[in-house]
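# Overview (structure and organization)
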Amino acid sequence: MLTRSWRALAAVAGVALVLAGCQENLAGGAACPALCPDTLTVRDTVLLASEALESDVTLLGSPAIGTEAQLLAADYEQGGDRLRTGIVFRFDSVQRAIVDTTDDPPRPLTSVDTASLRINIVTPSSGAYDSTLVRDSVVTFVVYDVNADAGDFDTAAVRVRFGVSEVGSLTVKRDSLTGTLSIPLDTAYLGAHIRDGERVRLGLQVRSDNGAQVRIYSVEGGSPASLQYTARADTARLSTALSVNTRSGAGPAIRSLADYTLLLEGAGPPPAGILAAGGIPSSRIFMRFDIPSELIDSTTTIVRANLEVHQQGNDLYSSEDTVALVTRLVRATKAITDPAQASVLSVDPISISTSFAVPAVRVSPSETRVDTIPLAHILLLWKTEGPETMQRSIVLQSSGQGLDPRRFYLYSSAATDEELRPKLRITYIPRSGFGLP
Amino acid sequence: MRHSLAIALLLPAAISVRAAAQGTLSTQGFGYPPGQLSTRATSLGGGLGETDPLSPINPAAISDWVRSGLYVQYSPEYRSVESTGASDHTMTVRFPVMMGAVTAGNRVVIGLSTSTLVDRTWETSRAGYTYSGSDSARFEEDFTSSGAINDIRLGVAFAITPSLWIGAGGHIFSGDDRLKIQRISEDTTYTPFLQQSRLSYSGTGVSGGVTWRPTPGLTLGASGRVGGRIETFRNDTSLTHATVPSRWGVGASFAGVSGLLVAARADWVGWSSMGDLGRPGLGVTDAWDMGGGVEVSGPLFFGLTLPLRAGYRHRTLPFTVGTAKIVENSFTFGAGIPISGGRSRIDLGAERANRGSLNGISEKAWILSAGFMVRP
């Protein structure tokens with residue numbers, strides 16, 4: 001009897017386990033919307049500049065001179081506007097003597113046999129320089145002595161030195177614009193500077209009949225230019241190469257100024273009352289938001305937040321080619337109130353997480369249109385971090401800043417026509433009660 | 001947990017794990033009431049509820065445990081919802097009743113049980129469009145609710161005479177509801193929306209009942225429950241409060257003819273007292289639950305006589321769709337397998353529930369059930 005009972009138990013338990021093993025399947029929805037309550041209420045609101053922005057300003061000369069990763073040597077005309085830039089390479093400290101291993105005093109260099117400026121060419125994304133960048137089959141690099149008795153930021157004194165005292169040149173075929181180029185320098189010039197204890201500051205320009213623009217790596221780009229020379233002290237011979245530098249005995253050096261791009265001829269600064277991003281020298285737009293706390297610091301969830309900015313067509317250097325208006329996130333606390341300082345701490349949001357990526361707006365700056373910048377993911381981050389930990393600011397910059405003379409012009413919160421001022425169009429969902437308390 | 005009976009047996013409470021999508025007729029409001037009936041009682045259309053020791057309804061009925069033991073019940077529901085041009089077929093798992101009893105002499109039996117009062121577990125998936133100005137963006141939304149209000153009862157049955165037992169029970173109503181809404185848009189300018197919440201319930205009640213065998217084979221039972229205060233909490237914050245629904249019921253079973261048992265029951269629950277527990281406008285109604293069935297000796301199964309059961313049950317579900325009441329009519333079937341000389345038993349049951357049609361939406365379900373009673 002007992003055996004029979006347990007056989008029965010085993011059989012039934014098997015059936016039960018089969019039932020238990022069935023995959024649960026809960027998802028339904030066929031009866032929606034008749035039975036499913038619309039538990040989520042989606043609402044829209046448009047925050048005007050006066051309601052959403054604490055400040056919006058143009059930061060002229062931002063990023064700061066010398067911080068560019070690539071340097072631009074340009075001489076061309078586009079859209080009827082001319083652009084001419086030079087590059088300054090500073091060799092504030094050079095080797096002026098031969099120091100051997102004996103106890104003899106250093107022997108000063110007296111003459112230079114060979115000298116050259118070695119620059120590292122940035123290969124365009126297309127793979128080579130073509131006629132859109134260098135319009136002739138050859139391009140000439142010309143080097144000037146641009147040493148000026150002026151302060152580090154007195155670029156005007158340096159600018160006037162371009163074209164005055166040529167100390168080297170090199171003509172290169174367009175196809176050869178790749179890798180490292182060595183531009184021969186006047187050995188007498190370099191020798192005199194070495195003997196006299198003077199610093200060496202070289203200015204580089206390109207020349208081409210129909211226009212050219214060549215990009216060169218900077219210190220910040222990781223492949224700086226260098227000065228290479230062979231010199232003599234009596235019978236001894238020295239061969240050396242040294243990178244751009246700002247070392248001197250005069251005081252603390254600003255390392256970023258070891259090389260920089262200098263505008264020699266081009267558009268002036270952007271007009272007042274407009275927000276400008278891009279150009280040479282570049283500018284950026286700083287926007288600090290003051291979003292109502294009942295939206296961002298509450299149980300409400302913002303699911304979309306589009307910043308709408310009105311772009312004023314800027315015909316300078318007009319071209320149909322697009323440039324990207326790029327959004328950067330300011331990673332500074334609320335304590336940093338100066339926009340220029342805060343902007344230095346801006347990063348590409350994607351560096352925090354790919355989920356915070358803000359797609360760039362690709363458009364020609366000459367167009368008049370409304371640009372829409374999706375900021376919902378950024379607002380989510382701001383909500384998470386809180387207003388004290390991370391100030392609610394962004395920086396708008398041109399993808400061609402420092403390399404492309406075109407500038408985005410955007411209407412600011414002070415625009416006369418209120419319709420043209422920035423707006424923040426927000427879609428949000430108040431906390432759901434789930435149909436229960 | 002939901003797919004493993006072995007693990008389920010270890011659970012301390014009869015947790016109602018999952019239920020159907022909320023877009024159904026039966027899971028409105030605070031959810032679907034499984035009925036607090038054992039597999040055997042369910043198979044008899046609920047008719048045995050007042051006199052069944054395995055159904056935690058009448059505390060006096062605990063007396064029929066006779067020996068100390070344990071009972072666990074597993075009841076998956078296969079639900080079909082038909083709508084115009086669409087249908088859902090869902091499978092939900094429940095463990096609606098667990099119980100244990102100990103005897104103290106011949107006159108006292110103590111029972112501890114946990115059973116699902118209402119089950120609010122479902123998942124609704126749908127798609128739609130979000131309109132913002134002149135824009136529209138398609139979204140997919142997934143709304144899930146998982147949880148239940150459980151009735152934990154400590155009951156005592158006392159024999160006044162060998163044929164007259166009275167019982168009393170103390171009830172704690174507890175449980176929670178884990179809620180999640182997730183909405184994802186194809187438009188990448190929208191961030192994914194996710195909101196989660198957890199509600200807890202806490203309430204009390206007392207019950208009392210009587211069973212009487214006036215003649216051999218006839219058993220009468222009557223019981224009632226008086227609800228105390230029940231509250232909802234989010235974290236430690238009390239949100240709402242109401243009264244646990246009171247209930248009253250009577251039933252009878254007759255086994256005076258060899259190989260035949262007939263049972264019937266009528267039960268009334270004052271569900272409307274829960275109205276204040278939800279948002280204003282929650283549709284809830286008092287409800288009758290009536291049913292009955294027969295049990296006959298069936299064929300031999302591995303040398304043992306199988307009792308076969310059938311029944312019919314008619315009841316109103318507590319939560320309405322708007323003002324429309326949802327009525328459930330069920331045909332029930334089942335069998336029992338005695339084990340160890342009848343000390344233990346496995347009950348198997350099936351229930352075909354028809355929940356009617358409303359606004360072009362109809363709902364039917366198969367609820368299978370397996371109850372395991374062990375009395376060493």
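Reading the values: rules and limits
- Residues numbered from 1 in each chain as written.
- Chains lettered and ligands numbered in written order.
- Predicted model: local features only at pLDDT ≥ 70, side-chain atom pairs only at ≥ 80, totals over all residues.
- Heavy atoms only, no water.
- Helix = DSSP H or I, 4+ residues; strand = E, 2+ residues; numbered from the N terminus.
- Rg over C-alpha atoms; globule rule 2.2 N^0.38 Å.
- Buried < 20%, exposed > 50% of the residue type's maximum accessible area, 1.4 Å probe, protein only.
- Contact = heavy atoms within 4.5 Å.
- Areas by Shrake-Rupley, 256 points an atom, 1.4 Å probe, with all protein chains shown as cover.
- Lys, Arg positive; Asp, Glu negative; His and termini not counted.
- Charge placed at Lys NZ, Arg CZ, Asp CG, Glu CD.
- Salt bridge = Lys/Arg side-chain N within 4 Å of Asp/Glu carboxyl O.
- Polar contact = N/O pair within 3.5 Å; in protein donor to acceptor, adjacent residues only side chain to side chain.
- Phe/Tyr/Trp six-rings, centres within 6.5 Å; stacked < 30°, edge-to-face > 60°.
- Lys NZ or Arg CZ within 6 Å of the ring centre and 35° of its normal.
- Core = buried A, V, L, I, M, F, W, Y, C linked by side-chain atoms within 4.5 Å.
- 1 Å grid on protein atoms, 1.4 Å probe; cavity = no way out; pocket = protein on both sides within 12 Å on 5 of 7 lines; lining within 4 Å.
- Points joined across faces, edges and corners; volume = space filled by probe spheres on them.
- Nonpolar A, V, L, I, M, F, W, Y, C, P; charged D, E, K, R; others polar.
- pLDDT = per-residue confidence, 0-100.
- Pairing = 2+ DSSP bridges.
- Axes fitted to C-alpha atoms, helices over the stretch in contact; angles between N-to-C directions.

### Regarding the overall build of chain B
Counting its secondary structure elements, chain B contains 2 helices and 18 strands. The C-alpha atoms of chain B give 22 Å as radius of gyration, which agrees with the globular expectation for 376 residues (21 Å, within 12%). In terms of its C-alpha atoms, chain B occupies a principal-axis envelope of roughly 80 × 45 × 40 Å. Taking all 376 residues of chain B together, the buried fraction comes to 59%. In chain B, once contacts between residues fewer than 6 apart in sequence are set aside, the share between residues at least 24 apart is 63%. For chain B, the accessible area works out to roughly 14,100 Å², and carbon and sulfur atoms hold 61% of it. Separation between the mean location of the 32 positive side-chain charges and that of the 28 negative ones in chain B comes to 7 Å.

### Concerning the pattern of salt bridges
Residues and elements named next belong to chain B. This model, assessed by the stated rule, comprises 44 salt bridges over all chains. In this structure, E77 and R79 form a salt bridge, with 2.9 Å as the shortest nitrogen-oxygen distance. Side by side, E77 and R79 carry an identical accessibility label, which is buried. Each of E77, R79, R94, D119, R315, E328, R355 and E363 takes part in a single network of salt bridges with overlapping partners.

### Things to note about helix α4 (residues 187-196) of chain A
Residues and elements named next belong to chain A. Those residues of α4 not exposed but buried are Y189, L190, G191, H193 and I194. Check the buried side of α4 and you find it contacts β8 (111-120), β9 (138-145), β10 (166-173), β12 (200-207) and β14 (226-233). N-cap assignment for α4: the residue whose side-chain oxygen lies 2.9 Å from the backbone N of A188 is D186. Trailing α4 by a residue or two, G197 shows a phi angle of about 75°, which is positive.

### A look at the packing of aromatic side chains
Counted according to the given criterion, the structure contains 9 aromatic pairs over all chains. With a centroid separation of 6.4 Å and 65° between ring planes, the pair formed by A:Y144 and A:F162 is classed as edge-to-face. Placement of A:Y144 in strand β9 and of A:F162 in the loop between α3 (155-159) and β10 is noted, with a sequence separation of 18 residues between them. Relative accessible area serves as the criterion here: at 2%, A:Y144 is assigned to the buried category. Ring centres 5.2 Å apart and planes at 35° place the aromatic pair B:Y74 and B:F95 in the tilted group. Taken together, the positions of B:Y74 in strand β1 (residues 69-74) and B:F95 in the loop between β3 (86-92) and β4 (97-104) put the pair 21 residues apart, joining distant regions of the chain. Taken together, the ring pairs in this structure connect B:F30, B:Y201, B:W271 and B:F319 into an aromatic cluster. Just above the ring of B:F139 sits the side chain of B:R183; from NZ or CZ to the centre is 3.7 Å.

### Looking at the nonpolar core
Residues and elements named next belong to chain A. Membership of the largest hydrophobic core comes to 44 residues, with the highest contact counts inside it found for F89, I119, F141 and Y229. Among residues more than four places away in sequence, those in contact with Y229 are V94, Q95, L109, V112, T114, A115, L190, I194, L238, S239, T240 and L242. Membership of the second largest hydrophobic core comes to 38 residues, among which are L275, F356, M390 and F408.

### Some words on empty space enclosed by the protein
Residues and elements named next belong to chain B. A full pass over the atoms with the stated rule returns 5 cavities of 30 Å³ or more. Counted as a void, the largest cavity has a volume near 240 Å³. Surrounding the largest cavity, 22 residues form its lining, G35, Q36, D267, V269 and W271 being those nearest its centre. Elements supplying a minimum of two residues to the lining of the largest cavity: β13 (260-269), β14 (287-301) and β15 (304-316). Of the residues belonging to the lining of the largest cavity, the class tally is 10 nonpolar, 5 polar and 7 charged. Looking at the second largest cavity, its volume works out to about 170 Å³. In terms of lining residues, the second largest cavity is bounded by 17 residues, among which P34, T42, S75, E351 and I367 are the most central. Of all the secondary-structure elements, those providing two or more residues to the lining of the second largest cavity are α2 (39-43), β15, β17 (344-358) and β18 (361-374). At 3 residues, β17 tops the list of elements feeding residues into the lining of the second largest cavity. Along the lines of polarity and charge, the residues of the lining of the second largest cavity split into 6 nonpolar, 7 polar and 4 charged.

### A look at the environment of A:V57
Residues and elements named next belong to chain A. For V57, the location among the structural elements is in strand β3 (residues 53-60). In sequence terms V57 and Y229 are 172 residues apart; their C-alpha atoms lie 47 Å from each other. Dropping the residues within four chain positions of it, V57 is found in contact with L275, R284, I285, F286 and P339.

### Brief notes about the confidence of the model for chain B
Residues and elements named next belong to chain B. For chain B, per-residue confidence averages 89 on the pLDDT scale, and 94% of positions sit at 70 or higher. Contacts of residues 1-21 to residues separated by more than four positions or lying in other chains number 80 contacts, the stretch itself having pLDDT below 50. Predicted complex metrics record ipTM = 0.72 and pTM = 0.78.

### A look at the environment of A:Y129
All names here are of chain A. By the element assignment, Y129 lies in the loop between β8 and β9. Considered as a pair, Y129 and T178 are 49 residues apart in the sequence and their alpha carbons are 8.4 Å apart. Those residues within four positions of Y129 in sequence are excluded, and the remaining contacts are I121, V122, P124, V134, R174, L177, Q213, V214 and R215. A distance of 2.8 Å separates a polar atom in the side chain of Y129 from the backbone oxygen of V122.

### Some words on the side chain of A:D56
Residues and elements named next belong to chain A. Topologically, D56 is positioned in strand β3. Polar contacts involving the side chain of D56 include one to the side chain of S413, which spans 2.6 Å. Not counting the four nearest positions on each side in its chain, D56 is found in contact with L275, F286, M287, S412, S413 and P422.

### Thoughts on the sheet that holds strand β15 (residues 236-243) of chain A
Residues and elements named next belong to chain A. The strand order β11-β8-β14-β15 describes an open sheet built from 4 strands, whose pairing is antiparallel. Each end of this open sheet is capped by a strand with a single partner; those strands are β11 (180-184) and β15. Mean inter-strand twist for the sheet, computed between neighbouring axes without regard to direction, equals 20°. In this structure, β8 lies alongside β11, joined through 5 bridges in antiparallel fashion. For L117, the partnering residue across the bridge sits in β11 and is I183. Across the sheet, α4 lies against β8 and β14, angled at about 105° from β8, the strand it touches most.

### Some points on unusual backbone geometry
Note the cis peptide between A:S62 and A:P63, where omega equals 0°. Assignment of secondary structure puts A:P63 in the loop between β3 and β4 (70-78). Even without being glycine, B:Q36 reaches a positive phi, approximately 60°. Inspection of the secondary structure assignment puts B:Q36 in the loop between α1 (5-9) and α2.

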